[in-house]
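# Topology and contacts: notes
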Amino acid sequence: PAALPDIGTEYGPEDEGCIFATSGTTDRPKCVVWDHMGLWLCGLSTIDFTGMTGDDRLLEYRTFSWLSPQIVTFMPFISLGLTVVMAEGFSRSRFIGWIRDYKISVAAGVPTVINMLLDDPVPFDPPEIASLRVMTASSAPLAPDRWRQFEKHYGIRLLQFYGASEGGWLCGNRHDKFRIGTAGPPARHMDLALIVADGTVCGIGEEGEITIRGAQTATASITADGEWEDRSSFRLTERTRVGDLGVLDEDGFVTVTGRIKDVILRGGVSIAPLEIDAAVMTHPGVHEAAVIGVPDPIWGEEIACYVVPADTGTVTADDILSHAAAALPEFKRPRYVEFIPALPKNARGKVRREDLKALWSEISG
């Protein structure tokens, strides 16, 4: 242009910066509205998690139409001026070459990609990936056993983050403070609390619903039917429930235990599925697993486990049940095991448990 506008005359921190469409675990999208301040704080949280500097070279291969790539990659790029190396999509066979050729120091990651690199490992020499100091993992939970396997095989530090469309980063493991199996401590710019049914804050080790508030939250939401809810008047003072359950330990690390709507009610006891998923997936014959609650005339609900077998050999239902019996208390052990070729997932890699429930209804008549 002939002349650039004066700095600060176009948009301010409270002006709308972006609208993200998200389907979560359903097919009908909702929208969340973010101001510039919220997006900026999300980027600062990423920098805090990873220790990024302007000298980093970051690999990204995901679409920028959803929140995670924006706040993992774009906002740190704006803030620091680091280098972004973009691929059209993830390639297992080219991943090592990208790191080597472009001297990648930080790579974006999701559990699906990490599982691909584990289940069909690519050959490499450690010096080829020496530049890569950290790889992120977000958008879906990462089983602790898979986390350990990846770090042991590739020698790459994995950092699990936990976010939501309404709040960006809620928690994150840091480059200098991390704990496998957790989502990390709450993000620096997020007011996060776990609460019980009456609204009181949970104690250490007590499971509760994850809630957020503060400037790093969305300013409005738009339902699939076009109804606009302005959140600006209460988002700094009132807590937003994000629909997840979690536990806070004595060192400040949060473990996400599952979605509230996925909780299994067995004999009056609430059971979150992620712990059971992770326990079953430690069996060497299991590639992936997901449990659901299914109707039971005595207990109200029983636990059914869907298993995707690994390519290492044959695994039977009895193998899975015996393995679960050794790893879980009795009330958390699956009663049923079904084998399927792949778990149904949404575009972000999250398991669609409602599809598994529909599949159970079909096979049970």
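Structure's up top.
A brief report on the enclosed structure follows.

Definitions and limits used
- Residues numbered from 1 in each chain as written.
- Predicted model: local features only at pLDDT ≥ 70, side-chain atom pairs only at ≥ 80, totals over all residues.
- Heavy atoms only, no water.
- Pairing = 2+ DSSP bridges.
- Helix = DSSP H or I, 4+ residues; strand = E, 2+ residues; numbered from the N terminus.
- Axes fitted to C-alpha atoms, helices over the stretch in contact; angles between N-to-C directions.
- Buried < 20%, exposed > 50% of the residue type's maximum accessible area, 1.4 Å probe, protein only.
- Contact = heavy atoms within 4.5 Å.

The strands that make up a sheet are held in pairs by hydrogen bonds between backbone atoms, and each pair lies either parallel or antiparallel. Taking strand neighbours across the sheet as the criterion, the 4 strands line up as β9-β10-β13-β14 in an open arrangement whose pairing is antiparallel. Two strands bound the open sheet, and with one partner strand each, they are β9 (191-195) and β14 (254-259). Across the sheet, the mean angle separating the axes of adjacent strands is 45 degrees when strand polarity is ignored.

What follows deals with the pairing of strand β18 (residues 300-309). Burial analysis of β18 places 8 of its 10 residues in the buried class, which makes it a mostly covered element. Pairing analysis gives 10 bridges linking strand β17 (residues 286-296) to β18, with the strands arranged antiparallel. Of the residues in β18, the one forming a bridge with G293 is I303. Connecting the antiparallel pair β17 and β18 is a turn made up of 3 residues.

Topologically, A140 is positioned in the loop between β6 (134-137) and α5 (144-154). It is 7.1 Å that separates the C-alpha atoms of A140 and V110, two residues lying 30 residues apart in sequence. With residues up to four places along the chain from it excluded, the contact list for A140 reads P111, Q160, G349 and K350.

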